[in-house]
There are 2 protein chains.
Amino acid sequence: TEVSARVLCAGGVTKNDVVQICFDYSLFGGGLGFHYGAELVGASVIPGSNLDPTRQVVIARDYRTTALIATPGFAIRLAAVVREKGLGPADIHLKRGLFTGEPFSERTRKQIEDELNIKATDNYGLSEIAWPGVAGECEKKKGLHIFEDQFIPEIIDPRTKEVLPLGEEGELVLTTITKETFPLIRYRTGDITALDASPCGCGRTLIRMKKVAGRTDEMVTINGVSFFPSQIEHIFSQIWGVEPRSCLEINRRGNQDIVNILVKVSEKIFFDEMKKLQDLKSKVEREIYQDLGISVKVKLVEPDSFSRETKGKRVIDKRESS
Amino acid sequence: TEVSARVLCAGGVTKNDVVQICFDYSLFGGGLGFHYGAELVGASVIPGSNLDPTRQVVIARDYRTTALIATPGFAIRLAAVVREKGLGPADIHLKRGLFTGEPFSERTRKQIEDELNIKATDNYGLSEIAWPGVAGECEKKKGLHIFEDQFIPEIIDPRTKEVLPLGEEGELVLTTITKETFPLIRYRTGDITALDASPCGCGRTLIRMKKVAGRTDEMVTINGVSFFPSQIEHIFSQIWGVEPRSCLEINRRGNQDIVNILVKVSEKIFFDEMKKLQDLKSKVEREIYQDLGISVKVKLVEPDSFSRETKGKRVIDKRESS
C-alpha cells in the first residue's frame, strides 16, 4: 500500500484528486493495489474496475475525475470515446494519468497527453514483488524512480549473469528489503532496462530505471495480461491430445490487442474432420479465456503459409514498438 | 464497513474463514462493501470479482475458500461447474454462503445447500442506505435481523402510507440513525416485507424482517442488477425517436436470467426497413448494456401476438417466485 501511494505521489496525485482506477479488482493486483494506495494518499477513489470505456467516460464526467489509472491502451480507447461523443478534453476534467501494465512508447505517451490534455507518467511493478509500486516516474518523465529503501536493484547480463556497471542495459534483478510474507533475493525480473543515478530535476535522490525495453524470455503482454506462449501450448496439448505446431500473431486494432493463434494443419481435411476441428478450436479459445483471461482466435493455416509467415518463431508481434 | 462485518458475523463468518467475494468491485457496492467487512472480521479475503464461475471454482479449490459471497443464481452456476468437473462438495472446502442481490426462495436455498453442502443465509441492504449491511440472517434462518442501532424500521401500507402493526405485511421504511454523509428519514424502500419481534434462537434481540416478498413499484432485478422498465423505455425513445410499445419478458435458463424486450412492430416491414430495424435493435441492446450493465435481446413481435402475450403489462416475470 505504501509503495503504491508513493507511485501515485510521484505521478502528482494529491488528496484533492479524484482518482478513477480502470483495472480489474480481482486477484490481479492492479485494481485493489492502486485503490489502497490512493486511499492512503487521501484522494477520492472511484473503482472503475473493468467497465467498458464508454461507461468509464460517463463516470469520469459525472464524478469529475482528475486522475486516471489504466493501461496506456485503455487511455487511448477512452480518448476515442470522448471524440466519438463529440466532446473535447475540456469537457472532462482529467489532469494526469498514471499508466502501467503494458509497453508504452514515447509516441503513445504523446498521443495520450495530446488527446486527453493530461500529464502521462509510467510506473513499474511485478506481481511477484509489488504491483503497483516498485518504481514510478515523477513529473520530469526522465525514467522511473526505484524505491531503493524497499528494493535493491541490479542490472545483469542475462547470458553471463554478471552484474553490469551503471548505465548499461541488461536484465533487472531485484532484492526486497522490507517484505515479510514473500521476501525475494536477487529475483530475475526478465525485464530489460538500465539504471541512471544522475540527479533528477524533481529532487528525488532515488535511482531511476529506463522504460522497460523488452524481455529476456518470451513473455507476452496482451491488454495488460502477461503470459508465456508455453501456457497456450499446454492448453493445446490437453485438448488436442498432441501439441500442434503453433505461433502467436499479435496485432493492434482500434487500440486493442488482437491475438491470433496460427495452427499448422498437416493433412488434407475432409468435411467431417473440419467440423471436429471447429469444435476443438472453440474449445481451445474458451479454455484460454478461462485460464489466462485473454480472448484469442485460433486460425488453421496450411503448412506452407505457416513456415513462410513465422520463420520458426513462436510469437510475431506486429504492434508498434518503442 | 461495520454493518457489513455484522452481516458476515451473523452468517457465521469468523477470522478463520477464507471468504471469496463474487461481486463486481466497481461503483456497485457489493464487492468492496463485503471486502472491507470481511477484512474487519479478520478473515482472509479473495476478491473473486466478476470472474466467470469456472475460474471461481479453480480459485476456490486453490485457496481453500470456506465462505462464499455471491448472488444465489451465481452459487447455482458454481455448483453446476463443480458437477461438470466431476467434483463433489467434498472436493471444495465451502462451509457457508452469504447470498444477496436477487430474490431467493426457500427452494433455491435448499438446492444451494444440498449441492454445495453449505449453510446458506440471506442478507439485505440497498445502495441508498447501506449495501451490504441493513439486515442479515443468523444461522437459525428465521428472518433477517435488522441492525436497529443503525436503522429504524417501520412497515407502512404503500397505498395509505399508514404505519402498520407488527407482523403485518407492507412496505419497509427506514430511517438512518448514525449515517452522516447521506442520512435519510423515513425512506421508502419499495420492498414488501413484515417485521417479527419474537425472540430468536440465536440470542440476538434485534427485530427480524421476513425475506422480501416483492416490490411496490415495477423495479426489476436481473442477475443482481436492479432497474426500472422506464429506464429501458427512455433508451428506446432516444434511439428510435419514438417510444415503441414494449414489454420485458424475463426467463431463467441454466440459472441465469434472460431478458427479452418484446417490441411491437406496427406496420408491414419491407426488406430494407428490416435491415434498418436490425441496426436499431443492436444499437438499443448495446446502449442498454452500457447504461444499465445488463444483457438483453430485443425481439420484434407482431401487434397481435404482443397484446395476447402481455395483456398490457410492462414486465412478465417467468422466473420461479418464492
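Computed from a predicted structure; not experimentally measured.

Caption draft 1: Structural view of the interface of chain A and chain B. Every contact between the two is made by 24 residues of chain A and, on the other side, 24 residues of chain B. Of the roughly 1,700 Å² buried between chain A and chain B on both sides combined, carbon and sulfur atoms contribute 53%. The three residues of chain A that bury the most area against chain B are Leu27, Arg55 and Gln290 of chain A, which together make up 31% of that side's buried surface. Our count for the contact surface shared by chain A and chain B stands at zero salt bridges.

Caption draft 2: A look at the sheet that holds strand S8 (residues 151-156) of chain A. Taken together, the four strands give an open sheet; going across it, the order is S8-S9-S10-S13 (chain A), and neighbouring strands pair in antiparallel fashion. Each edge of the open sheet carries a strand with a single partner, namely S8 and strand S13 (214-215) of chain A.

Caption draft 3: Here's a closer look at the relation of the copies chain A and chain B. When chain A is fitted onto chain B, the two copies agree to an RMSD of 0.1 Å after a turn of 180° and an axial shift of 0.0 Å. Taken together, these values place the two copies in the relation of a two-fold axis. Within chain A, the C-alpha atom positioned nearest to the axis of rotation is that of Tyr25 of chain A, 2.8 Å from it. Comparing interface residues between copies, 100% of those in chain A also sit at the interface in chain B, which points to an isologous, same-surface contact.

Caption draft 4: Examining the packing of helix H2 (residues 30-41) of chain A against helix H2 (residues 30-41) of chain B more closely. Put simply, H2 of chain A and H2 of chain B touch, their axes get as near as 14 Å, and they point 75° apart. For the element pair H2 of chain A / H2 of chain B, the angle class is roughly perpendicular. Note on element contacts: H2 of chain B touches H2 of chain A through Leu32, His35, Tyr36 and Glu39 of chain B, opposite Leu32, His35, Tyr36 and Glu39 of chain A. Here the contact of H2 of chain A with H2 of chain B is composed, by residue class, of four nonpolar, two polar and two charged.

Caption draft 5: Highlighting the packing of aromatic side chains. As enumerated under the stated definition, the model contains seven aromatic pairs over all chains in all. The interplanar angle of 35° and the centroid separation of 6.3 Å between the aromatic rings of Tyr25 of chain A and Tyr25 of chain B together place this pair among those described as tilted. Here Tyr25 of chain B lies in the loop between strand S1 (18-21) and H2 and Tyr25 of chain A lies in the loop between strand S1 (18-21) and H2, a pairing that spans two chains. The exposure class of Tyr25 of chain A is buried, given its relative accessible area of 0%. With a centroid separation of 6.0 Å and 10° between ring planes, the pair formed by Phe23 of chain B and Phe34 of chain B is classed as stacked. Taken together, the positions of Phe23 of chain B in the loop between S1 and H2 and Phe34 of chain B in helix H2 put the pair eleven residues apart, joining distant regions of the chain. Considered together, Phe23 of chain B and Phe34 of chain B belong to a single accessibility category, that of buried residues. An aromatic cluster is built from Phe23, Phe34 and Trp131 of chain A, whose rings are joined through pairwise contacts. Positioned above the aromatic ring of Phe147 of chain A is the side chain of Arg6 of chain A, whose terminal nitrogen or guanidinium carbon lies 5.0 Å from the ring centre.

Caption draft 6: A look at the environment of Val82 of chain B. Residue and element names in this part refer to chain B. Tracing the backbone shows Val82 in helix H4 (residues 72-84). Taking C-alpha positions, Val82 is 9.3 Å from Pro53, a pair spaced 29 residues apart along the chain. Among all residues touching Val82, those that are not within four sequence positions of it are Val57, Leu87, Gly88, Ile92 and Leu116.

Criteria and cut-off values
Residues numbered from 1 in each chain as written. Chains lettered and ligands numbered in written order. Predicted model: local features only at pLDDT ≥ 70, side-chain atom pairs only at ≥ 80, totals over all residues. Heavy atoms only, no water. Contact = heavy atoms within 4.5 Å. Buried area = accessible area lost by both parts, 1.4 Å probe. Salt bridge = Lys/Arg side-chain N within 4 Å of Asp/Glu carboxyl O. Pairing = 2+ DSSP bridges. Helix = DSSP H or I, 4+ residues; strand = E, 2+ residues; numbered from the N terminus. Least-squares fit on C-alpha atoms with pLDDT ≥ 70 in both. Axes fitted to C-alpha atoms, helices over the stretch in contact; angles between N-to-C directions. Parallel < 35°, antiparallel > 145°, perpendicular 65-115°, else oblique. Nonpolar A, V, L, I, M, F, W, Y, C, P; charged D, E, K, R; others polar. Phe/Tyr/Trp six-rings, centres within 6.5 Å; stacked < 30°, edge-to-face > 60°. Buried < 20%, exposed > 50% of the residue type's maximum accessible area, 1.4 Å probe, protein only. Lys NZ or Arg CZ within 6 Å of the ring centre and 35° of its normal.

Function-wise, these values are silent; they only describe arrangement.
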